[in-house]
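Chain by chain, the residues run as shown.
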Amino acid sequence: MKIELTLKPRKNPFIPVEAEAITPVTFLEKEAEEIKIWGGNREKNISEIFEVKTSGKADSEKDVEIEINGNCFFVKRVGEYMKDGKITVNGNIGMHCGNFMSGGVIEISGNSDSWLGREMKGGEIICRRNTGHYCGSGYRGEKTGILGGKITVEGNAGDFIGEFMAGGEIICKGSAGSMPGAEMLKGGLTIYGNTDTPCANMRGGTCYILGEAKDILPTFKKTESVFNPDFKKEFIVYEGDYANRSHKGKIFVAKQDRKTK
């Protein structure tokens, strides 16, 4: 089954749309006229905000593909709790895309706003351009961010990518803002570009930085230099964060690019 959703022109396009109902399972179990989303503080039928076209049939979530067209930068929570199937966004997408997802694939051709893949447990998110702050992180007050699955950002990321990361993999092919991997517990974070103050209060997991790493905290210990055949680069290894009793994390900073203390 293929679902095509095209954003209609809106009188006030900056009013957020809460669209947690846009998941494969919703369209498997309901007809379009039964699906409700919120435009600001008003609950509306999905057809009031999107043009909806449906073709084909599906026996399971895996057989459902949703294609979203238009600039949806103010459309939030798409793919929340998604378990299978695929969502393709042809353009930008708003905050909290892929919240808590445990399976399936979300592919975004444009930019995503903050909290991409917040606390996701499985599946894969691919963002072809840039993402905002807190990608793969836990929400404020939560103790774990991404637990499983994979997020790939082909552009740059904002601050706090992978905060409270507790599993899975995050790859940022551009640069990341401040404090990537803060409070990191498990999993793998790779940043191909530059960043600063990585992995504060890290307790486990690994963080590779192939660009410049500014301001590595003095509570990390420089231990050795290793060659990684996958990246074909020499890395300086920092262990820590010794500000925490459990300091089993490792930061690998590409030797030829680093400017550290």
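Here, the structure is the one placed above.
Scoring rules and cut-offs
The numbering scheme is per chain: residues are counted from 1 as the chain's sequence reads. Only residues with pLDDT of at least 70 are given local features in this predicted model, and only at 80 or more are side-chain atom pairs given and counted; all residues enter the totals for whole chains, interfaces and linings. For the side-chain quantities, the full set of heavy atoms in the structure was used; hydrogens and water were omitted. We count a stretch as a helix when DSSP gives it H or I for four or more residues in a row; a strand needs E for two or more, and each element gets its number in order from the N terminus. Based on C-alpha atoms, the radius of gyration is set beside the globule rule, defined as 2.2 Å times the residue count to the power 0.38. Whether a residue is buried, partly exposed or exposed follows from its accessible area with a 1.4 Å probe, protein chains only, as a fraction of its type maximum: under 20%, in between, or over 50%, in that order. Should any heavy atoms of two residues lie within 4.5 Å, those residues are counted as being in contact. For every accessible area listed, the method is Shrake-Rupley and the probe measures 1.4 Å; residues are considered covered only by the protein chains on display. Strand pairing is defined by DSSP finding a minimum of two bridges between the two strands. Pairing of aromatic rings covers Phe, Tyr and Trp, the last counted by its six-membered ring, and requires centre-to-centre distances within 6.5 Å; plane angles under 30 degrees mean stacked, over 60 mean edge-to-face, and any other angle means tilted. In this analysis the charged atom, NZ for Lys or CZ for Arg, is taken to sit over a ring once it is within 6 Å of the ring centre and within 35 degrees of the ring normal. A pairing counts as a salt bridge when a side-chain nitrogen of Lys or Arg comes within 4 Å of a carboxyl oxygen of Asp or Glu.

On to the overall build of the chain. When you go through the chain residue by residue, the secondary structure sums to 1 helix and 19 strands. Scaling as 2.2 N^0.38, a compact globule of 261 residues should have a C-alpha radius of gyration of about 18 Å, and the chain matches this with 20 Å. Projected onto its principal axes, the C-alpha coordinates of the chain cover approximately 60 × 40 × 30 Å. For the chain, the residues scored as buried account for 51% of the 261 residues in total. Long-range contacts, defined here as pairs at least 24 residues apart, represent 35% of the contacts in the chain between residues at least 6 apart. For the chain, the exposed area adds up to about 11900 Å²; of that, 46% sits on carbon and sulfur atoms.

The next thing to look at is the pairing of strand 18 (residues 233-240). Sheet topology places strand 17 (residues 221-228) next to strand 18; 7 bridges connect them, and they run antiparallel. Paired with Asn-228 across the strands is Lys-233, a residue of strand 18. Connecting strand 17 to the next strand, strand 18, in antiparallel fashion are 4 residues, including Lys-232 with a positive phi near 55°. Bridge count between strand 18 and strand 19 (residues 249-254): 6 bridges; the pairing is antiparallel. In the sheet register, Ile-236 faces strand 19, and the bridge partner there is Val-253.

Attention now goes to the pairing of strand 6 (residues 65-69). The side chains of a regular strand alternate between the sheet's two faces. Strand 6 sits mainly inside the fold: 4 of its 5 residues count as buried. Pairing between strand 1 (residues 2-7) and strand 6: 5 bridges, direction parallel. Looking at strand 6, one finds that Glu-4 is bridged to Glu-67. The pairing of strand 6 with strand 8 (residues 86-90) spans 5 bridges and is classified as parallel. Bridging across to strand 8, Glu-65 finds its partner in Lys-86.

On to the packing of aromatic side chains. Following the criterion strictly, the structure yields 11 aromatic pairs and no others. Each ring, one from Tyr-81 and one from Phe-100, has its centre 4.8 Å from the other, and the planes form 20°; the classification is stacked. Placement of Tyr-81 in the loop between strand 7 (75-76) and strand 8 and of Phe-100 in the loop between strand 8 and strand 9 (105-108) is noted, with a sequence separation of 19 residues between them. Chaining the aromatic ring pairs together yields one cluster made of Tyr-192, Tyr-208, Phe-231, Phe-235 and Phe-252. Here the basic side chain of Lys-221 rests over the ring of Tyr-242, its NZ or CZ set 4.4 Å away from the ring centre.

Now for the sheet that holds strand 3 (residues 36-39). As summarised here, the arrangement of the 4 strands in space is 4-3-2-7, forming an open sheet in which the pairing is mixed. Each end of this open sheet is capped by a strand with a single partner; those strands are strand 4 (42-45) and strand 7.

Attention now goes to the environment of Asp-215. Following the sequence through the fold, Asp-215 ends up in the loop between strand 16 (213-214) and strand 17. The exposure class of Asp-215 is partly exposed, given its relative accessible area of 44%. C-alpha separation for the pair Asp-215 and Thr-195, spaced 20 residues apart in sequence, amounts to 9.1 Å.

Evaluated as defined, the whole model comprises 10 salt bridges. Close ionic contact of Glu-80 with Arg-77 constitutes a salt bridge, the shortest N to O distance being 2.9 Å. Relative accessible area serves as the criterion here: at 23%, Arg-77 is assigned to the partly exposed category. Residues Arg-203 and Glu-183 are paired through a salt bridge, measuring 3.4 Å at the closest nitrogen-oxygen approach. Placement of Arg-203 in the loop between strand 14 (195-196) and strand 15 (206-209) and of Glu-183 in the loop between strand 12 (166-172) and strand 13 (186-191) is noted, with a sequence separation of 20 residues between them. A network of salt bridges, in which partner residues are shared, links Glu-18, Glu-20, Lys-76, Arg-77 and Glu-80.

By secondary structure assignment, the location of Gly-40 is in the loop between strand 3 and strand 4. Using a relative accessible area of 33% as the deciding quantity, one classes Gly-40 as partly exposed. Residues Gly-40 and Asn-12, 28 residues apart in the sequence, show an inter-C-alpha distance of 9.8 Å. With sequence-adjacent residues up to four places away left out, Gly-40 is seen in contact with Ile-15 and Pro-16.

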